[in-house]
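If you want the building blocks of each chain, they are given just below.
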Amino acid sequence: MSVENLLAGLGLDLTAQPSTEPLTYERGVELLDESLGQTTGVSADHLRRINAGFENSTRIMAEFVPDVFDGDVLFFSATKGASDGIVRSPQEWRPYVTGDIVIHDVDVFHNEMTNADAASVIGPVVDSHLGNTPE
């Protein structure tokens, strides 16, 4: 994953930072600190390790074969797809779920699913599903 995609997944809007050269991890740290208005303590090595973890997760996901889940699934779908541009269907889980798959679209990329915009969509649905508030 590019440094740009990694930072976007951390909530940074890089559209105001046009550049003709690829973003370095070092510059990524500077942009992260600038966006939060303080030194975060995140280093270029931290960003490299996050990216290495992402690459490892991608590798092991390709090898993983899930067991069948006996129940319903509340599924939040990143409608913009993954950072590689691939949009997957939640129905790919159908062979592994005995119950219903209830899909809620979230208008973000997959690596932005923990951002505030996504959480503002996901939180109320989960809250309602747990019986705390009407949907």
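Described in the following lines is the structure provided in the data block. These figures come from a predicted structure and were not determined experimentally.

Conventions adopted
Residues numbered from 1 in each chain as written. Predicted model: local features only at pLDDT ≥ 70, side-chain atom pairs only at ≥ 80, totals over all residues. Heavy atoms only, no water. Helix = DSSP H or I, 4+ residues; strand = E, 2+ residues; numbered from the N terminus. Buried < 20%, exposed > 50% of the residue type's maximum accessible area, 1.4 Å probe, protein only. Contact = heavy atoms within 4.5 Å. Areas by Shrake-Rupley, 256 points an atom, 1.4 Å probe, with all protein chains shown as cover. Lys, Arg positive; Asp, Glu negative; His and termini not counted. Charge placed at Lys NZ, Arg CZ, Asp CG, Glu CD. Salt bridge = Lys/Arg side-chain N within 4 Å of Asp/Glu carboxyl O. Axes fitted to C-alpha atoms, helices over the stretch in contact; angles between N-to-C directions. Parallel < 35°, antiparallel > 145°, perpendicular 65-115°, else oblique. Nonpolar A, V, L, I, M, F, W, Y, C, P; charged D, E, K, R; others polar.

**Things to note about the overall build of the chain**
- A tally of helices and strands in the chain yields four helices and two strands.
- N-terminal to C-terminal, the α/β element order of the chain is α-α-α-β-β-α.
- The principal-axis extent of the C-alpha atoms belonging to the chain is close to 45 × 40 × 25 Å.
- When each of the 135 residues of the chain is scored for burial, the buried share is 29%.
- Expressed as a percentage of contacts within the chain between residues at least 6 apart in sequence, the contacts between residues at least 24 apart total 57%.
- Of the roughly 9,100 Å² of accessible surface on the chain, 55% is carried by carbon and sulfur atoms.
- One finds the centroid of the 7 positive side-chain charges in the chain at a distance of 6 Å from the centroid of its 22 negative side-chain charges.

**Details of the pattern of salt bridges**
- Under the criterion given, the structure shown has five salt bridges.
- Of the charged contacts in the structure, one is a salt bridge between Arg27 and Glu34, with a shortest N-O distance of 3.2 Å.
- Between Arg49 and Asp45 there is a salt bridge whose closest N-O contact spans 3.8 Å. Of this pair, Arg49 and Asp45 both sit in helix α3 (residues 44-63), four residues apart, which is roughly one turn of that helix.
- The class for Arg49 is exposed, based on a relative accessible area of 55%.

**Concerning the packing of helix α2 (residues 25-36) against α3**
- Interaxial distance between α2 and α3 falls to 8 Å at its minimum, and their mutual angle equals 105 degrees. With respect to their mutual orientation, α2 and α3 come out roughly perpendicular. On α3, the residues touching Tyr25, Glu26, Gly28 and Val29 of α2 are Ala44, Leu47, Arg48 and Asn51.
- Split by residue class, the contact of α2 with α3 holds four nonpolar, two polar and two charged.

**Quick word on the environment of Glu112**
- Within the secondary structure, Glu112 sits in the loop between β2 (101-106) and α4 (116-129).
- Classification of Glu112 as buried rests on a relative accessible area of 16%.
- Remark: the alpha-carbon pair of Glu112 and Ala8, spanning 104 residues in sequence, is separated by 7.2 Å.
- The contacts of Glu112, once residues within four sequence positions are left out, are Ala8, Gly9 and Ala118.

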